[in-house]
Amino acid sequence: MKVTVLIADKFPSRYVEMLQKMDLEVIYDPKLGENDLPDAAENVDIIVVRSTKVNAETIQKAKSLNLIIRAGAGVNNINIAAANQKGVYVANCPGMNSVAVAELAMGLMLSLDRRIPDNVIDFRKGVWNKGEYSKAEGLLGKTLGIIGVGAIGREVAKRAISFGMNVYGKDISRIEGEMIKDFSEMDKLLPLCDILTIHLPLTPETRGLFNKEMFKYVKPGAFIINTARAEIIDEDALLEAIQEKGIRCAFDVFAGEPEGKAGSVSSRLQENPNVYVTHHIGASTEQAQNAVAEETVRIIKDFINSGVIAHWVNRAKTTDAHFQLVVKHFDKPGVLASILEVIRDADINIEEIENVIFDGGIAASCTMKLKSAVPTDKLQAIKENPNVLSVSHVKL
Ligand code: 3PG
């Protein structure tokens, strides 16, 4: 039976055709929304989405679902917890749209300084206001704080440096797998910055990062650009800070963003003259969408041909493994099974396992990450197996 791929978002036609040529069953339905997906995905193996939400119901109902690909960077629209429970792989296409997002961030920076959107709105209304719009300060020598120095943040930094800006970067780092909010440094960085631009993923740790406390450190009159995720900024705290400090903002993301591609929109930010909002178009250049689509096709190809998942985001970062057992053995039927039998008899959980073959196909090496130690008698039993070449057992 053919593998079925459902593309539930806009995707360049050239790449849809590429998938069709790969002998896959391809369903291309860019109009599907979150509530249509549970039925639409019931019999598919792979789902490809951009911002369309893949909720728990979709994942639970999809009988043969194996892989969800986010054709973009942020995976917050996919219910990863539900995917984890069912063993569904989730992958993304990091870095492929970074330049596009960075270009928009620079555009928003210039827009804030020159008030380009207001210029245009007045012109369309028949209003000429050269006097008012000549009050820009310029970006040269301004201090820019890049919050989140991943692929996008680095592209912004390159462009800002070429504009003659003074660039600082701050990441919300992970220590031993735990993400930390480093307020100690933010309180030193934020007061220095004329402009802040946010390039963080949305995680439980970054949600609401810019709250009332954080806005206390933001310089009066500063510009804030958010092309990442709306939820990183607490909107109530922001509106308060705008009023108290005259902060001006340009956002590509905002609370209550509509799911569809067209329709009406309603937000408290609409009434605020200090805020410009674009239509979540950061990644939407042809260049970026082609790069993302190419990566999506590559992920599907690799998965089908070798079972390897590129950019697999829901693989456990840490496991409960405390011991490693490496058994080199003859590559013959039943040998691996006989080794695993000993591990089973010892009631040890294998957390991870990989078996690789040496050139020529005579010898193989099996590496197992184990929850507990292999008792001496069981290790001896493995060593005494005539098809075993060597055994190493270490504490991790
Ligand atoms: C991303 O995470 O890649 C961006 O937010 C782009 O979202 P989009 O593919 O829905 O435009």
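Residues numbered from 1 in each chain as written. Predicted model: local features only at pLDDT ≥ 70, side-chain atom pairs only at ≥ 80, totals over all residues. Heavy atoms only, no water.

Peer 1: An account of the domain arrangement of the protein chain is needed here, citing residue identities and associated values.
Peer 2: You'll often see interface size given as the accessible area lost when the parts meet. In terms of domains, the protein chain is made up of domain 1 (4-96 + 287-306), domain 2 (98-282) and domain 3 (323-395). On a C-alpha basis, the centres of domain 1 and domain 3 stand 37 Å from each other. (Domains from an automatic or database assignment.)

Peer 1: Explain the packing of aromatic side chains residue by residue, including any values.
Peer 2: Applying the stated criterion across every chain yields a total of three aromatic pairs. Connected via pairs of aromatic rings, a cluster forms that spans Tyr89, Phe303 and Trp312. (Phe/Tyr/Trp six-rings, centres within 6.5 Å; stacked < 30°, edge-to-face > 60°.)

Peer 1: Quick one: what's the story with the pattern of salt bridges, residue by residue and with numbers?
Peer 2: Under the definition given, this model contains 20 salt bridges. Two residues, Glu132 and Arg115, come together in a salt bridge whose shortest N-O distance is 2.9 Å. Placement of Glu132 in helix α7 (residues 130-133) and of Arg115 in the loop between α5 (98-114) and α6 (116-124) is noted, with a sequence separation of 17 residues between them. With its nearest N and O atoms 3.2 Å apart, the salt bridge here joins Asp320 to Lys371. Pair noted here: Asp320 is in the loop between α12 (286-306) and β14 (323-330) and Lys371 is in the loop between β16 (363-370) and α14 (376-383), with a separation of 51 residues, a long-range link. On the basis of relative accessible area, Asp320 is assigned to the partly exposed category, the value being 35%. What makes Lys371 partly exposed here is its relative accessible area of 39%. In this structure, a network of salt bridges that share partners links the residues Arg115, Glu132 and Lys135. (Salt bridge = Lys/Arg side-chain N within 4 Å of Asp/Glu carboxyl O. Helix = DSSP H or I, 4+ residues; strand = E, 2+ residues; numbered from the N terminus. Buried < 20%, exposed > 50% of the residue type's maximum accessible area, 1.4 Å probe, protein only.)

Peer 1: So, the sheet that holds strand β11 (residues 223-226): which residues are in play, and what are the values?
Peer 2: One open sheet accounts for six strands, arranged β7-β6-β10-β11-β12-β13; its pairing is parallel. Since the sheet does not close on itself, it has two edges, and those belong to β7 (166-170) and β13 (275-277), each with one partner. In this sheet, neighbouring strand axes are inclined to one another by 15° on average, regardless of whether the strands run parallel or antiparallel. Note: strand β6 (residues 143-147) against β7, five bridges, orientation parallel. Bridged to Gly145 within β7 is Tyr168. The sheet strands contacting α5 are β6, β10 (195-198), β11, β12 (248-251) and β13, and the helix crosses β11 at an angle near 150°. (Pairing = 2+ DSSP bridges. Axes fitted to C-alpha atoms, helices over the stretch in contact; angles between N-to-C directions. Contact = heavy atoms within 4.5 Å.)

Peer 1: Outline the layout of surface pockets, supporting the account with residue identities and numerical values.
Peer 2: Its volume calculated, the second largest pocket comes out at about 290 Å³. Around the second largest pocket, the lining residues are Trp312, Arg315, Ala316, Thr319, Glu351, Glu352, Ile353, Glu354, Thr367 and Lys369. Of all the elements in the fold, those that place two or more residues in the lining of the second largest pocket are β15 (350-357) and β16. Residue classes in the lining of the second largest pocket are distributed as three nonpolar, two polar and five charged. (1 Å grid on protein atoms, 1.4 Å probe; cavity = no way out; pocket = protein on both sides within 12 Å on 5 of 7 lines; lining within 4 Å. Points joined across faces, edges and corners; volume = space filled by probe spheres on them. Nonpolar A, V, L, I, M, F, W, Y, C, P; charged D, E, K, R; others polar.)

Peer 1: If you had to explain helix α13 (residues 335-345) to someone new, which residues and values would you point to?
Peer 2: Those residues of α13 lying buried are Val335, Ile339, Val342 and Ile343. Down the axis, α13 shows its buried residues gathered within 100° of arc, on one side only. Counted as exposed and oriented over 90 degrees from the buried face of α13: Arg344 and Asp345. Those residues of α13 that are buried lie in contact with β14, β15, β16, α14 and β17 (388-395). Directly beyond the C-terminal end of α13, a positive phi value near 60° is found at Asp347. (Arc of directions from axis to C-beta.)

Peer 1: A description of the packing of α5 against α6 should follow, citing residues and the corresponding values.
Peer 2: Their axes nearest at 6 Å, the elements α5 and α6 cross at an angle of 65°. Within the contact between the two elements, α5 uses Leu110, Ser111 and Arg114 and α6 uses Ile116, Pro117 and Asn119. Considering only residue class, the contact of α5 with α6 consists of three nonpolar, two polar and one charged.

Peer 1: So, the packing of α5 against helix α8 (residues 151-162): which residues are in play, and what are the values?
Peer 2: Relative orientation of the contacting elements α5 and α8 amounts to 50°, with a least axis distance of 8 Å. The angle between the axes of α5 and α8 places the two elements in the oblique class. Considering the relative orientation of α5 and α8, their crossing is right-handed. Along its contact with α5, which presents Ser98, Val99, Val101, Ala102, Glu103, Ala105, Met106 and Met109, the element α8 presents Ala151, Ile152, Glu155, Val156, Arg159 and Ala160. In terms of residue class, the contact of α5 with α8 is made up of ten nonpolar, one polar and three charged. (Parallel < 35°, antiparallel > 145°, perpendicular 65-115°, else oblique. Left-handed = near helix turned anticlockwise from the far one by under 90°.)

Peer 1: Help me get a handle on the sheet that holds strand β5 (residues 89-92), residues and values and all.
Peer 2: Judged by pairing direction, the sheet is parallel, and its five strands sit side by side in the order β2-β1-β3-β4-β5 without closing on themselves. Edge strands, defined here as strands with exactly one partner in the open sheet, are β2 (25-28) and β5. Averaged over all neighbouring strand pairs, the angle between strand axes comes to 15°, with direction disregarded. One ladder, built from three bridges, connects strand β1 (residues 4-7) with strand β3 (residues 46-49); its direction is parallel. Paired with Val5 across the bridge in β3 is Ile46. Helix-sheet contacts for helix α1 (residues 13-21) involve β1 and β2, and the interaxial angle to β2 is about 155°. Docked against the sheet, α12 engages β1, β3, β4 (67-70) and β5, running at close to 160° with respect to β4.

Peer 1: Go over the site of the ligand, please, and point to the residues and values.
Peer 2: In the vicinity of the ligand, the contacting residues are Arg50, Ser51, Arg70, Gly72, Ala73, Gly74, Asn97, Arg229, His280, Ala283 and Ser284. Residue Ala73 places a main-chain N or O atom 2.7 Å away from an oxygen atom belonging to the ligand. Residue Arg229 places a side-chain N or O atom 2.7 Å away from an oxygen atom belonging to the ligand. About the coverage of the ligand: the protein hides 91% of its 320 Å² of free accessible area. Residue classes in the shell around the ligand are distributed as two nonpolar, six polar and three charged. (Near = heavy atom within 4 Å. Polar contact = N/O pair within 3.5 Å; in protein donor to acceptor, adjacent residues only side chain to side chain. Areas by Shrake-Rupley, 256 points an atom, 1.4 Å probe, with all protein chains shown as cover.)

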